[in-house]
Amino acid sequence: MKTFDITIPVTELGFDELSHEQKKLVAAARQTTYRSYSPYSKFSVGAAIELSNGEIITGANQENAAYPSSLCAERTAAYYAHASFPDASFKTIAIAARGTDGKPLDSPISPCGACRQALLEYETLAGTDVPVILSGESRIFIFPSVKSLLPYCFSEF
């Protein structure tokens, strides 16, 4: 038997330490939380994807009383981005959330497994790493790629 560790690089910083482009993307994700339709969980998530053509596409979680019909913010943004601009690749993704009290979360949240796998496919289409910015109110994490969030991913398409 062999045991080994998996390490994932992550950079933690504050909003003021972000580049102008990163601040713009994080602000878009944060603002998009207000377009969430989340009457059941009261948990609002916003995602913003910067495309290679300079467009920023946003999406918010959309709930439904038939829970499996709900859709996370990350997939809402990803599917809309690719449907609208099929020739543009994903460049960077930012995600933000507000809690059940309506206030921005202090620490970042990460995408669910289904979103990680869906985003990975667009990273594969891009042919390059797509950084992921997870934004909390006071803490921001930057991962170098979608794949870094899903080390044992399903990648044979």
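As a starting point, this report considers the structure included with it.

Let us now look at a nonpolar patch on the surface. Taken together, the side chains of Phe4, Ile6, Ile8 and Tyr152 define a hydrophobic patch exposed on the protein surface, amounting to about 440 Å² of accessible area. With respect to the helices and strands, Ile8 occurs in the segment before strand S1 (11-13).

A separate point is helix H2 (residues 73-84). Compared with an ideal rise of 1.5 Å per residue, which puts 12 residues at 16 Å, H2 spans 16 Å between its outermost C-alpha atoms and is within 8% of the ideal. By the burial criterion, the buried members of H2 are Ala73, Glu74, Arg75, Thr76, Ala77, Ala78 and Ala81. Buried residues in H2 make contact with strand S2 (44-51), strand S3 (56-60), strand S4 (90-98) and helix H3 (113-126).

As a further point, take the pairing of S3. With five bridges joining them, S2 and S3 adopt antiparallel strand pairing. Within the sheet, the bridge partner assigned to Ala47 lies in S3 and is Gly59. Linking two consecutive strands that pair antiparallel, namely S2 and S3, is a turn of four residues; a positive phi of about 90° is found at Gly54 within it.

Spatial ordering of the open sheet is given by S1-S6-S5-S4-S2-S3, a layout of six strands whose pairing is mixed. Sheet topology places S1 and S3 at the edges, where each strand pairs with a single neighbour. Across the sheet, the mean angle separating the axes of adjacent strands is 20° when strand polarity is ignored.

Secondary-structure assignment places Ser44 in strand S2. Judged by its relative accessible area of 7%, Ser44 falls in the buried class. At a separation of 3.3 Å, a polar atom in the side chain of Ser44 contacts the side chain of Ser38. Non-local contacts of Ser44, meaning those with residues more than four positions away in its chain, are made with Thr33, Ser36, Ser38, Asn61, Ala96, Ala97 and Arg98.

Position of Thr92 among the secondary structure elements: in strand S4. In this structure, the C-alpha to C-alpha distance between Thr92 and Ala118, residues 26 residues apart in sequence, is 15 Å. Setting aside chain neighbours within four positions, we find Thr92 in contact with Leu25, Ala48, Ile49, Glu50, Val130, Pro131 and Ile133.

When the charged atoms of two side chains with opposite charge come close together, those side chains can pair. With the rule as written, the count across this model stands at two salt bridges. Where Arg139 meets Glu12, a salt bridge forms, and the shortest distance between an N and an O atom there is 2.8 Å. Pair noted here: Arg139 is in the loop between strand S5 (132-135) and strand S6 (140-143) and Glu12 is in strand S1, with a separation of 127 residues, a long-range link. Across the pair Lys91 and Glu50 runs a salt bridge whose closest N-O atoms are separated by 3.5 Å. Here Lys91, found in strand S4, pairs with Glu50, found in strand S2; they are 41 residues apart in sequence, far enough to count as distant. Under the relative-accessibility criterion, Lys91 is labelled partly exposed at 45%.

Reading the values: the criteria
Residues numbered from 1 in each chain as written. Predicted model: local features only at pLDDT ≥ 70, side-chain atom pairs only at ≥ 80, totals over all residues. Heavy atoms only, no water. Patch = residues over 30% accessible without salt bridge, like charges linked within 9 Å, V, L, I, M, F, W, Y side chains within 5 Å. Areas by Shrake-Rupley, 256 points an atom, 1.4 Å probe, with all protein chains shown as cover. Salt bridge = Lys/Arg side-chain N within 4 Å of Asp/Glu carboxyl O. Helix = DSSP H or I, 4+ residues; strand = E, 2+ residues; numbered from the N terminus. Expected span 1.5 Å × (residues − 1). Buried < 20%, exposed > 50% of the residue type's maximum accessible area, 1.4 Å probe, protein only. Contact = heavy atoms within 4.5 Å. Pairing = 2+ DSSP bridges. Axes fitted to C-alpha atoms, helices over the stretch in contact; angles between N-to-C directions. Polar contact = N/O pair within 3.5 Å; in protein donor to acceptor, adjacent residues only side chain to side chain.

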